[in-house]
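This is what each chain is made of:
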Amino acid sequence: MKISDRTRQVEYAIRDIIQYAREYQKTGKELIYLNIGDPVQFDFKTPEHIKNALINAVRNDENYYTDSEGLPELRAAIKEKEEKKGLALDINDILVTNGVSEGLDMTMASIVEPGSEILMPGPHYPPYASYVKFYGGTVAEFKIQDDGKPDIDYLRSKLSPKSRAICILNPNNPTGEVFDAKSLQQIIDIAAEHNLYIICDEIYDKIVFDDTFSGIGKLSKDLPIILLNGFSKVYLMTGWRCGYICMNSNCKELDDLRVNIPKLARVRISTNLPVQIAAVEALRGPQEHIPQMVHKLKNRRDYIVKRLNAINGITCNLPRGAFYVFPKIDLGTRWKNDKDFVLDLLNNTGILTVHGSGFGHTFGSNHFRIVYLPHEEILENAMNKMESFMNKR
Ligand SMILES: Cc1ncc(COP(=O)(O)O)c(C=O)c1O
């Protein structure tokens, strides 16, 4: 039986690597999972008031289909949050989705055609490239400099008549880089000059360590900005699958998208109602868990970056947001490429990371991604093992 070519080429390195871990597990040795960015699997738990809101919703029989575009109360709460960050929003320009993942799928489905080129930072979170390719487009990566700022000349050199959108992931996964307002402005100016959509993912907007976060909202004016955000990371609701798309209400050029993207929401009926009710509580209820989480993560970041930079053959920049580090490896003659390194590390130490080329070959190669969500004791054990593994060169 035939399957479509576009399905054949879908890749997701973060989860694809797990098949190798399953093999390792058969040896009965300890596995240290540093591969998936799910805080709830570590010592960051969904806050009680959010859990209770979900439980009460189920008990109160709020278990039916709801509006395809999302629960009006949730859309109103999202409007409050994103308007505080600067984006002008009519409630009808907000769509609730099954995670940012579905929002990204709907966005790419609506704007990518065979031959379209979509610009995105290199490296980037893999589904960005996967969905573009799935819908027949191609990816053009732009370079991020060592200081974490986009290389604007490089970005310009990647523009073509087929360019349709620029993606911004702020903070970025896998590097944890956070763009400042000036860098965002430079990218937006280019998008405006060339009539491109700006797709901006701010799922880690409140997980930023050293500076205050500059969102795209404050710079949005009347530009074609599509903001993607969700509840997985900041509100510790990964498994519940809730996110949203916001379209800049001041932008006339988004009118066609505004009419058509909700059709994709209608064909999949709606998202989970009890979870949406809990999401209202997440946005409107107590927020104390956020600074506590950021404080813990900052300590873990500082620890892991210090340990990694003390290992021969590894260099690591200081990430300014999210919960990932993206160290560079000196492959020497010991490893063929970054995937070979990641598998060798797994087979010798049980440490599961993700190869950098899975986040885009051009800028991800020779790197690997570590999730530093685990408790310091686990990170210490992993770093000790990694250090002795690297010293055996
Ligand atoms: C930048 C970015 N966007 C989206 C997602 C997925 O979000 P969701 O759980 O809302 O689908 C992730 C998850 O790691 C991510 O890093």
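All residue numbers refer to position in the chain's written sequence, counted from 1. Only residues with pLDDT of at least 70 get local features here, since the model is predicted, and only at 80 or more are side-chain atom pairs given and counted; chain-wide, interface and lining totals rely on the full set of residues. Calculation of side-chain values draws on the structure's entire complement of heavy atoms; hydrogens and water are dropped beforehand.

## Some words on the packing of helix α5 (residues 72-84) against helix α11 (residues 273-284)
Phase 1: Convention adopted: a line fitted to C-alpha atoms gives each axis, helices being fitted over their contacting stretch, and angles between N-to-C directions are expressed from 0 to 180 degrees. The helix and strand labels rest on DSSP assignments: H or I over at least four residues marks a helix, E over at least two residues marks a strand, and numbering proceeds from the N terminus. Contact geometry of α5 with α11 gives a least axis separation of 9 Å together with a crossing angle of 30°. Looking at the two axes, α5 sits roughly parallel to α11. When the axes of α5 and α11 are compared, the crossing they make is left-handed. Only Gln-276, Ala-279, Val-280, Leu-283 and Arg-284 of α11 make contact with α5, whose side of the interface consists of Glu-73, Leu-74, Ala-76, Ala-77, Ile-78, Glu-80 and Lys-81.
Phase 2: Residues were grouped as follows: Ala, Val, Leu, Ile, Met, Phe, Trp, Tyr, Cys and Pro as nonpolar; Asp, Glu, Lys and Arg as charged; and all remaining residues, including Gly, as polar. The residue makeup of the contact of α5 with α11, split by class, is 7 nonpolar, 1 polar and 4 charged. Geometric relationships in this document are graded by angle, where less than 35 degrees denotes roughly parallel, more than 145 denotes roughly antiparallel, 65 to 115 denotes roughly perpendicular, and other angles denote oblique. Handedness of a helix crossing follows the sense of rotation of the near helix relative to the far helix, less than a right angle counterclockwise being left-handed and clockwise being right-handed. Residue contacts are defined here by distance: any two heavy atoms, one from each residue, within 4.5 Å place the two residues in contact.

## So, the domain arrangement of the chain
Phase 1: Domain delimitation in this document rests on an assignment produced automatically or drawn from a domain database. Per the domain assignment, the segments making up the chain are domain 1 (5-45 + 289-391) and domain 2 (48-284).
Phase 2: For domain 1 versus domain 2, the distance between C-alpha centres works out to 25 Å.
Phase 3: Taken together, the contact pairs 39 residues of domain 1 with 34 residues of domain 2.
Phase 4: Two parts lose some accessible area (1.4 Å probe) when they are put together, and adding that loss for both gives the buried area. The contact between domain 1 and domain 2 buries some 3,100 Å² in all, and 62% of this surface belongs to carbon and sulfur atoms.
Phase 5: Contact with domain 2 buries surface across domain 1, with Arg-320, Phe-359 and Phe-363 losing the most and accounting together for 24% of the total.
Phase 6: Throughout this description, the term salt bridge denotes a Lys or Arg side-chain nitrogen within 4 Å of a carboxyl oxygen of Asp or Glu. Connecting domain 1 to domain 2 are 2 salt bridges.
Phase 7: Put simply, Arg-320 and Asp-211 hold a salt bridge, and the shortest N to O gap is 2.9 Å.
Phase 8: Think of a polar contact as two N or O atoms within 3.5 Å of one another; within protein, one of them needs to be a possible hydrogen donor and the other a possible acceptor, and neighboring residues in sequence only count if both atoms come from side chains. Across the domain 1-domain 2 interface, the total number found is 13 residue pairs in polar contact (both at pLDDT 80 or more).
Phase 9: Those elements that place two or more of their residues in the side of domain 1 that touches domain 2 are α1 (5-8), α12 (289-309), β10 (324-325) and α14 (361-364).

## Details of the sheet that holds strand β14 (residues 368-371)
Strand pairing in a sheet is mediated by backbone hydrogen bonds. Such pairs are either parallel or antiparallel.
Phase 1: Pairing is antiparallel across the open sheet formed by 3 strands, whose spatial order is β10-β14-β13. With partners counted over all chains shown, the strands left at the sheet margins are β10 and β13 (354-355), one partner each. Note on pairing: two strands pair once DSSP finds at least 2 bridges between them.

## Some details on the site of the ligand
Phase 1: Residues are counted as near a molecule or strand when any one of their heavy atoms sits within 4 Å of it. Lining the immediate surroundings of the ligand are 13 residues, of which Ser-101, Asp-201, Tyr-204, Ser-232 and Arg-241 lie closest.
Phase 2: The side chain of Asp-201 places a nitrogen or oxygen atom 2.7 Å from a nitrogen atom of the ligand.
Phase 3: Between the ligand and the protein, one listed contact pairs an oxygen atom with a side-chain N or O atom of Ser-232 at 2.6 Å.
Phase 4: If you tally residues by element for the shell around the ligand, the top one is helix α6 (residues 99-111), at 3 residues.
Phase 5: For the shell around the ligand, the residue count by class is 6 nonpolar, 4 polar and 3 charged.

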